[in-house]
Amino acid sequence: MKSAASGSNSVEIGKRNRHLVLDVIRTHEPVSRSEIARLTGLTPATITNIVGKLQKDRLVEEIGLGQSTGGRKPGLLQLARNSRLAIAVDLAATELMVALTNVKGEILRRSKREIVTEIAVMVPRILDAIQEVMTCPEVGGATIVGIGVTTPGLIDQATGTIIKSVRLDWYHVPLKSIVQRHFEVPVFVGKDTTTAILGEQWYGAARHANNLIYVWVGTGIAVGILLDGRVYAGATGMAGEFGHTSIEWNGARCRCGNEGCLEGLASLEAIATKAASRALSEEDAVTREKLASETRARVDARVEPFAVLDAACTGDPRACEIVREAGRHLGVGIANLINLFNPEHIVIGGQIRPKDKEFIDTAIEVAKSRVLPEPGSSVTITVSDFGQDAGLIGAAALVWREVLGSS
Ligand SMILES: [Zn+2]
């Protein structure tokens, strides 16, 4: 029988211990060696050895001295901030956003481009924005360790291929290999709602949650579902299409082909479309139809809904009513989610901003009033602190999870 310390087992144990120490430093920094020993259960000698190697590899740095408990003041450790940086790419936002991020998910530099559906136009735009951020002065002497891309739609995680994205109008696009061909660092591609959960777990409010639902509100609506600590993808990876749950019998036709979908009642696009048709309610039907379709075109350019939300922020009564109506619909949907999954935490995020209080407060109020008492009393509903950077921070976490996990 092989002993635990022999051959590949000892290598595996060494890797696991190193990963364990890195994880404790990441989640508890600034932290002393003795505290790491206490939290990991490893011996002080093992910790000293592993930390020494991590410092040599410039993954960990000492940032001063902590309180003494009798002897020498202990050195405090944290993940090294500037030796390694990652590129985050968000294709799920209203515009293409690319950012340079450090290991804490902090954004050091950003670049934006308009999103268009033509792949031949969009791919050079993505590559150009990555190149711009990768060569900006903020990189300094750091090593770029990877590129994380978050995208809407159904993704084949193994190959990083977008199987189907209705929002981008992309089908079978091998995004990972397209980007990988142009850069020497590893590329990781993830679904928007899944990476949003990862961002919340690594840097946000959900660091200790095992049962969490991330409600992504943007041009569309979708959820990421974390059940017993694992992301739930469904039988064919399609779980989470919350926006296409039908909540209005005989409602308006949705782009998915169904009727009365939540997305058509509570998304940013729904807010913009409603604002356009309400503003024109005095006009004749032909003009109303024409202007509504023009507004829809502008919505596709992803500008209009924030004007309505901004007007609601300043107390404009008509904008407030439209935004509250959308919030009420979302609240009903969230109550259904809570009754179905009994999560401990619901995070509302995506393109909706923390300042959009009319929308968020209405949704939370309605969700709490509609939910069953037992699951309702144990759930916390919060807004993502990341606002419109949620996609970028999730994309960054996608890289850091791989880099620190395999270091
Ligand atoms: Zn639909």
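Rules and cut-offs
- Residues numbered from 1 in each chain as written.
- Predicted model: local features only at pLDDT ≥ 70, side-chain atom pairs only at ≥ 80, totals over all residues.
- Axes fitted to C-alpha atoms, helices over the stretch in contact; angles between N-to-C directions.
- Helix = DSSP H or I, 4+ residues; strand = E, 2+ residues; numbered from the N terminus.
- Left-handed = near helix turned anticlockwise from the far one by under 90°.
- Contact = placed C-beta atoms within 7 Å.
- Nonpolar A, V, L, I, M, F, W, Y, C, P; charged D, E, K, R; others polar.
- Pairing = 2+ DSSP bridges.
- Core = buried A, V, L, I, M, F, W, Y, C linked by C-beta atoms within 7 Å.
- Buried ≥ 20, exposed ≤ 12 C-beta atoms within 10 Å, placed from the backbone.

Colleague: Where do I start with the packing of helix α2 (residues 33-40) against helix α3 (residues 44-56) in this structure?
Modeller: What describes two packed helices is the angle between their axes and the distance between those same axes. It is the contact of α2 with α3, at a shortest axis distance of 9 Å, that shows an interaxial angle of 115 degrees. Pair α2 / α3 crosses with right-handed handedness. Residues Arg-33, Ser-34, Ile-36 and Ala-37 of α2 pack against Pro-44, Ile-47, Thr-48 and Val-51 of α3. Residue classes in the contact of α2 with α3 are distributed as five nonpolar, two polar and one charged.

Colleague: What is the right way to look at the sheet that holds strand β9 (residues 161-165) in this model?
Modeller: Strand pairing within a sheet occurs via backbone hydrogen bonds; the two strands may be parallel or antiparallel. One open sheet accounts for three strands, arranged β8-β9-β10; its pairing is antiparallel. Each having just a single partner strand, β8 (154-156) and β10 (170-173) make up the two edges of the open sheet. With direction set aside, neighbouring strand axes in the sheet form an average angle of 20 degrees. Note that β8 and β9 share three bridges and pair antiparallel. From the neighbouring strand, Leu-154 faces β9, where its bridge partner is Lys-164.

Colleague: So what exactly am I meant to see when it comes to the nonpolar core here?
Modeller: General note: in soluble globular proteins, nonpolar side chains tend to be found buried as a group. Core analysis: the biggest nonpolar cluster contains 110 residues, and Val-89, Val-215, Ile-271 and Ile-348 have the highest contact counts within it. Per-element accounting of this core gives the leading share, 11 residues, to helix α14 (residues 390-406).

Colleague: Explain the sheet that holds strand β2 (residues 60-65) to me, please; I cannot follow it from the model alone.
Modeller: Across the sheet, which stays open at both edges, the three strands sit in the order β1-β3-β2 with antiparallel pairing between neighbours. Edge positions in the sheet fall to β1 (31-32) and β2, since each of these pairs with one other strand and no more. Relative to strand β3 (residues 75-79), β1 runs antiparallel, the two being bridged by two bridges. Bridge pairing in β3 links Val-31 to Leu-77.

Colleague: Explanation requested: unusual backbone geometry in the structure shown.
Modeller: If a residue is not glycine, its phi is most likely negative; likewise, a peptide bond is most likely trans. Here the bond from Glu-29 into Pro-30 is cis, since omega is -5 degrees, no more than 30 degrees from zero. Assignment of secondary structure puts Pro-30 in the loop between α1 (7-28) and β1. You will see that Asn-250, though not glycine, has its phi angle at about 65 degrees, which is positive. Locating Asn-250 in the fold gives a position in the loop between β14 (230-231) and α7 (263-266). Take Asn-250: there are 7 C-beta atoms within 10 Å of it, and that puts it in the exposed class. Despite not being glycine, Asn-342 has its phi angle at roughly 50 degrees, a positive value. For Asn-342, the position within the fold is in the loop between α11 (317-341) and β15 (345-350). Residue classification places Asn-342 among the partly exposed positions, given that 15 C-beta atoms sit within 10 Å.

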